[in-house]
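Listed here are the chains, written in short residue letters.
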Amino acid sequence: MEEKISAFMDSVIARNPGEVEFHQAVHEVAENLIPFIEENPRYKHAKILDRMAEPERVIMFRVPWQDDQGNVQINRGFRIEFNSAIGPYKGGLRFHPSVNLSILKFLGFEQTLKNSLTTLPMGGGKGGSDFNPKGKSDNEIMRFCQSFMSELFRHIGPNTDVPAGDIGVGGREIGYMFGQYKRLRNEFTGVLTGKGFEWGGSLMRPEATGFGVVYFAQAMLATQGQSLAGKVVGLSGFGNVAWGAATKATQLGAKVVTLSGPDGYIYDPEGLDMEKIEYMLELRATNNDVVQPYAEEFGAQFIPNKTPWEVKVDLALPCATQNELGGEDAKKLVANGCVCVTEGANMPCTPEAIHVLQSNKVLFCPGKASNAGGVAVSGLEMSQNSLRFNWSAEEVDQKLQVIMNNIHEQCVKYGTQSDGYVNYVKGANIAGFVKVADAMLAQGIV
Ligand code: NDP
Ligand code: 2IT
């Protein structure tokens, strides 16, 4: 089996040279899926996995704009339309200087499986730009978003491809992009999700990813007869996902003791409360990408240039970015008695970290299952747009909880090992794959 996996990876690497994040994401999936496909030859003969590892379409474009000093700036825009077997391409847009083809292909590949797990009819896509929002004025952000959409609009549509937010793209950016799309097409449609509630957005979309992560962690803990109340939680990041996860974990009686930014991490042994959580939003809105001011505001400790994984916690929720929690960090978490790691970000744990956690039988769930609540509520936003109707926050939250519990059940179904340990990576990969693969088989060689 090892040989089959390496042969497959060799071909992926040869076709996509240097795209290390994409190789990492495909390898994690291939390890689980190649043995499964060997047992299910119909997928093998139709080369479903080979086809799934090749995006249906990659769009790259120039994004010129003018800064406040009148200088012309040029960024690169991308949209990876990865897989449309079960619905229109769907996935976020990331604005961050590190954005490149490899990162967006890894995200688009994962998104296909994630969207399948939600049970909603959405294909997989991802996009963004190497634009750096840090330190930009509101007008610069608007001009950039308008220029970005001036090209992207011809490739997307409510039945074709529906982008949303990701790192560096929140409600403000979605607003500017939606405005430009509407102006160019003369159409008011649900072409983007994460819109403001007044103009077609869904209640609970801002909270959905973080809330979903915590609902999922609750279900994981329940498999061991444990609950969230009273648990000490270590969290990384301070963006949209971290904010939602901190809110729901605190509401459910857990104590969140860390946050982090590129400058270091905050250790607040008293735990977050609603005032401190609201302050996270202020921190993000400054566009400075630092957490240190939190320590000054609330008298907590700031530990510069380090990640929070050295703190003793019961539950870890990495919510910042890819490969932020490595093998050594995982060893520290295990040594400190951490029982569960639930990913809020996409692929925050390295393969070494996952290996350490799984071999120590720590509960571990990959983001493609545990952070699917964000795109799930995006799917519900699409439904509400089609119905031209709004559901209440309670209705959306209820549907979100049902979806997260259902994803958890699918992971347990496909991932439970003979010793009873649930391998959520395997469970999520197989459960996500089957629906897309069956749709691809039904639709022929396309
Ligand atoms: P935000 O822009 O709101 O927050 C970004 C966070 O990412 C910050 O906390 C920042 O914290 C961190 N970050 C970004 N880039 C880097 C980098 N290169 N190095 C270090 N840190 C970085 O983004 P979101 O909260 O939306 O996204 C966070 C994660 O969650 C991402 O992996 C995203 O793909 C994923 N996600 C987002 C969803 C959504 O609906 N928004 C849905 C599902 C997943 P810090 O600098 O501390 O690391
Ligand atoms: O990674 C993700 O799932 C997202 N950034 C959300 C995508 C979406 O379409 O809501």
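Whatever comes next refers back to the structure up there.
Residues numbered from 1 in each chain as written. Chains lettered and ligands numbered in written order. Predicted model: local features only at pLDDT ≥ 70, side-chain atom pairs only at ≥ 80, totals over all residues. Heavy atoms only, no water.

### Structural notes on the site of ligand 2
Reasoning step 1: Near ligand 2 you find 14 residues, and of these Lys90, Lys114, Asp166, Arg205 and Ser378 are the closest.
Reasoning step 2: Contact between ligand 2 and Gln111: an oxygen atom at 3.1 Å from a side-chain N or O atom of the residue.
Reasoning step 3: Contacts to ligand 2 include Arg205, whose side-chain N or O atom sits 2.9 Å from an oxygen atom.
Reasoning step 4: When ligand 2 is considered free in solution it has 300 Å² of accessible area, and contact with the protein chains removes 94% of it.
Reasoning step 5: Looking at the shell around ligand 2, the elements that each hand over two or more residues are β3 (89-95), α5 (101-117) and α15 (373-387). (Near = heavy atom within 4 Å. Polar contact = N/O pair within 3.5 Å; in protein donor to acceptor, adjacent residues only side chain to side chain. Areas by Shrake-Rupley, 256 points an atom, 1.4 Å probe, with all protein chains shown as cover. Helix = DSSP H or I, 4+ residues; strand = E, 2+ residues; numbered from the N terminus.)

### Concerning the site of ligand 1
Reasoning step 1: Neighbouring ligand 1 are 24 residues; Asp166, Phe238, Gly261, Pro262 and Asn346 lie closest to it.
Reasoning step 2: Note that an oxygen atom of ligand 1 is positioned 2.9 Å from one of the side-chain N or O atoms of Arg205.
Reasoning step 3: Here Val241 contributes a backbone N or O atom positioned 2.9 Å from an oxygen atom of ligand 1.
Reasoning step 4: Contact with the protein chains removes 87% of the 850 Å² of surface that ligand 1 exposes when unbound.
Reasoning step 5: Put simply, the parts of the chain that give the shell around ligand 1 at least two residues each are α8 (205-222), α9 (240-251) and β8 (258-261).
Reasoning step 6: For the shell around ligand 1, the per-class residue count stands at 7 nonpolar, 12 polar and 5 charged. (Nonpolar A, V, L, I, M, F, W, Y, C, P; charged D, E, K, R; others polar.)

### Some remarks on the sheet that holds β8
Reasoning step 1: Taken in spatial order, the 3 strands make up an open sheet running β8-β9-β10, and their pairing is antiparallel. The open sheet terminates on both sides in strands that have one partner only, identified here as β8 and β10 (301-304). Direction aside, the axes of adjacent strands within the sheet are offset by 20° on average.
Reasoning step 2: Bridge count for strand β9 (residues 264-267) against β10 is 4 bridges, and the pairing is antiparallel. Directly across from Ile266, in β10, lies its bridge partner Phe302. (Pairing = 2+ DSSP bridges. Axes fitted to C-alpha atoms, helices over the stretch in contact; angles between N-to-C directions.)

### Some thoughts on the sheet that holds strand β2 (residues 72-83)
Reasoning step 1: Pairing is mixed across the open sheet formed by 5 strands, whose spatial order is β1-β2-β4-β3-β5. Of all strands in the sheet, those with a lone pairing partner are β1 (57-66) and β5 (161-164), marking the two edges. Going across the sheet, the axis of each strand differs from the next one's by a mean of 20°, ignoring polarity.
Reasoning step 2: Both β3 and β5 contribute to a ladder of 4 bridges, which runs parallel. Across the sheet, residue Lys90 finds its bridge partner in β5, namely Val162.
Reasoning step 3: In the packing of α5 onto the sheet, the strands contacted are β1, β2, β3 and β4 (124-129), and the crossing angle to β4 comes to about 150°. (Contact = heavy atoms within 4.5 Å.)

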